[in-house]
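Single-letter residue listing:
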Amino acid sequence: MQQHIDTYDFTGKTAIVRVDFNVPLDENFNITDDTRIRAAMPTLKKVLAGGGALILMSHLGRPKKVDPKFSLKHIVNHVSECLGVPVQFADDCMKADAQAAALKPGEVLLLENLRFYAEEEGKPRGLADDATDEEKAAAKKAVKESQKEFVKKLASYADCYINDAFGTAHRAHASTALIAAYFPNDKMFGYLMEKEIAAIDNVLKNAKRPFTAIIGGSKVSSKLGVLKNLLDKVDNLIIGGGMGYTFIKAEGGKIGNSIHEDELMPDALEILKEAKDKGVNISLSVATVAGQAFDNDTPRQTVDIYNIPDGWEGMDASEASLENWKKIILESKTILWNGPVGVFELPNFAHGTEEIAKFVAEATQNGAYSLVGGGDSVAAVTKMGFADKVSYVSTGGGAMLEAIEGKDLPGIAAIRD
Ligand code: AMP
């Protein structure tokens with residue numbers, strides 16, 4: 001049975017918590033952005049205040065073997081500062097028995113990077129490039145077998161399991177999903193997970209109308225499932241950024257050198273047709289700020305989206321498009337935003353995305369509910385100082401997208417009964 005962190009009695013218990021401490025480090029191993037560590041604090045402090053001990057587990061980066069560069073020992077001091085108590089470190093996740101058993105209420109043990117072990121992801125490592133299908137199958141079987149022992153060992157350290165790592169909730173890994181089975185009556189979400197799930201429910205299940213989704217980014221292919229699922233939910237679908245050019249070309253427009261996916265054009269037309277059938281208003285760009293090269297200092301001009309001159313590529317939303325989108329956004333009661341409407345990394349082409357951040361913040365001040373997710377969109381609201389002027393900023397871009405696609409996330413399903 002799923003428990004709730006607010007009502008669970010942690011007295012004298014050890015909680016193993018999957019956190020997302022995958023923070024960026026500089027060359028001297030200083031943390032350059034500790035948002036993810038701070039985001040886990042409410043959950044961790046709750047366990048300690050409730051008389052429990054903590055075992056923390058996370059991944060850091062994408063190491064494919066033990067690599068000191070990716071050791072979680074680099075963050076021990078910072079976690080300790082944030083928690084206000086000393087944090088012990090176990091440099092081998094599989095040999096922490098004694099340390100775990102010795103933990104007293106109020107004490108904290110951080111395990112080494114889970115991804116030092118192939119068993120965390122359950123994928124074979126070190127296979128030769130020319131491995132045969134049989135060898136691949138045998139390696140897969142072997143890692144799945146040893147994964148069972150891995151999960152069992154982690155579970156043996158604790159009395160209860162908390163998943164507070166939304167950023168990896170879409171992965172069916174040992175620490176995010178499989179371990180929950182060892183705690184049938186002692187598993188629960190942490191506060192961060194609770195907030196993320198509530199935010200997604202607010203837009204997908206309880207949206208006040210009009211509901212507008214703003215979907216940008218580079219490719220239709222990476223967000224096709226998202227676009228399709230949203231057609232059953234939204235009143236307005238703003239499609240901006242690189243993915244818009246596939247739609248414009250599919251409609252017969254001239255898009256110059258703009259980014260696009262020819263093979264996705266039938267899907268784009270299908271989405272436009274389905275939107276019409278379902279009464280969803282799709283709003284594409286009407287004009288674009290085009291550049292001559294993918295470069296910040298390239299010459300720029302604003303051109304009709306259906307008539308981009310040869311040699312030019314659409315790189316940012318124009319004022320005319322932004323005017324249309326502003327009106328839609330400000331009239332909305334629920335807003336979901338994922339993906340930039342231009343090449344946000346290049347300052348001269350970041351204006352459109354920054355304006356969207358402004359509109360979403362303004363609509364929120366006027367009473368709309370807004371959920372923002374995905375690297376560039378989050379960076380835009382943060383850069384503009386609007387992170388606390390939108391309703392919720394998701395900490396997991398990939399996980400949020402999969403949830404919006406309508407998929408069951410393994411990290412969430414494993415906690416629910
Ligand atoms: P995604 O990860 O799918 O959200 O895509 C983000 C990327 O889309 C960013 O790196 C942007 O530079 C890129 N992008 C947005 N608009 C354009 C565009 N008009 N042309 C090329 N890339 C774009």
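Structure's up top.
Residues numbered from 1 in each chain as written. Predicted model: local features only at pLDDT ≥ 70, side-chain atom pairs only at ≥ 80, totals over all residues. Heavy atoms only, no water.

Chemist: How would you summarise the environment of Val280 if you had to cite specific residues and measurements?
Modeler: Counting through the fold element by element, Val280 comes out in the loop between helix 9 (265-278) and strand 9 (281-283). Its relative accessible area of 9% is what places Val280 among the buried residues. Separated by 220 residues in the primary sequence, Val280 and Leu60 have C-alpha atoms spaced 41 Å apart. Apart from the residues lying within four places of it in its own chain, the contact partners of Val280 are Leu231, Val234, Asp235, Leu237 and Ala275. (Helix = DSSP H or I, 4+ residues; strand = E, 2+ residues; numbered from the N terminus. Buried < 20%, exposed > 50% of the residue type's maximum accessible area, 1.4 Å probe, protein only. Contact = heavy atoms within 4.5 Å.)

Chemist: Can you break down the side chain of Ser370 residue by residue, with the values?
Modeler: If you trace the backbone, Ser370 turns up in strand 14 (residues 369-373). Polar side-chain contacts of Ser370 include one of 2.8 Å to the side chain of Thr364. Sequence-distant contacts of Ser370, defined by excluding residues within four places in its chain, comprise Ile335, Val360, Thr364, Val390, Ser391 and Tyr392. (Polar contact = N/O pair within 3.5 Å; in protein donor to acceptor, adjacent residues only side chain to side chain.)

Chemist: Tell me about a negative patch on the surface, residues and numbers included.
Modeler: A cluster of acidic residues, Asp129, Asp130, Asp133, Glu134 and Glu135, forms a negative patch on the protein surface. Among the structural elements, Asp130 can be located in the loop between helix 4 (118-121) and helix 5 (133-156). (Patch = residues over 30% accessible without salt bridge, like charges linked within 9 Å, V, L, I, M, F, W, Y side chains within 5 Å. Areas by Shrake-Rupley, 256 points an atom, 1.4 Å probe, with all protein chains shown as cover. Salt bridge = Lys/Arg side-chain N within 4 Å of Asp/Glu carboxyl O. Lys, Arg positive; Asp, Glu negative; His and termini not counted. Charge placed at Lys NZ, Arg CZ, Asp CG, Glu CD.)

Chemist: An account of the pattern of salt bridges is requested, with residue identities and associated values reported.
Modeler: Where charged atoms from two side chains of opposite charge approach closely, those side chains can pair. Per the stated rule, a full pass over the model turns up 18 salt bridges. Taking the shortest distance from any N to any O, the salt bridge between Glu331 and Lys327 comes out at 3.5 Å. Judged by its relative accessible area of 48%, Glu331 is partly exposed. For Lys327, a relative accessible area of 53% puts it in the exposed group. What emerges from the salt-bridge pattern is a single network uniting Lys64, Glu121 and Arg125.

Chemist: Describe the site of the ligand, and please don't skip the residues or the numbers.
Modeler: Taken together, 15 residues form the shell around the ligand, and within it Lys223, Gly242, Gly314, Gly342 and Glu345 come nearest. A distance of 3.1 Å separates an oxygen atom of the ligand from a polar atom in the backbone of Ser218. Across the complex, the protein chains shield 81% of the 500 Å² of accessible surface that the ligand would expose by itself. A per-class count over the shell around the ligand returns six nonpolar, six polar and three charged. (Near = heavy atom within 4 Å. Nonpolar A, V, L, I, M, F, W, Y, C, P; charged D, E, K, R; others polar.)

Chemist: Any details on helix 9? Residues and values, ideally.
Modeler: For helix 9, which comprises 14 residues, the first-to-last C-alpha distance of 20 Å matches the rise-based estimate of 20 Å (1.5 Å per residue) to within 8%. Elements in contact with the buried residues of helix 9: helix 7 (224-230), helix 8 (244-250) and strand 9. Phi turns positive, to about 75°, at Gly279, one or two residues after helix 9. (Expected span 1.5 Å × (residues − 1).)

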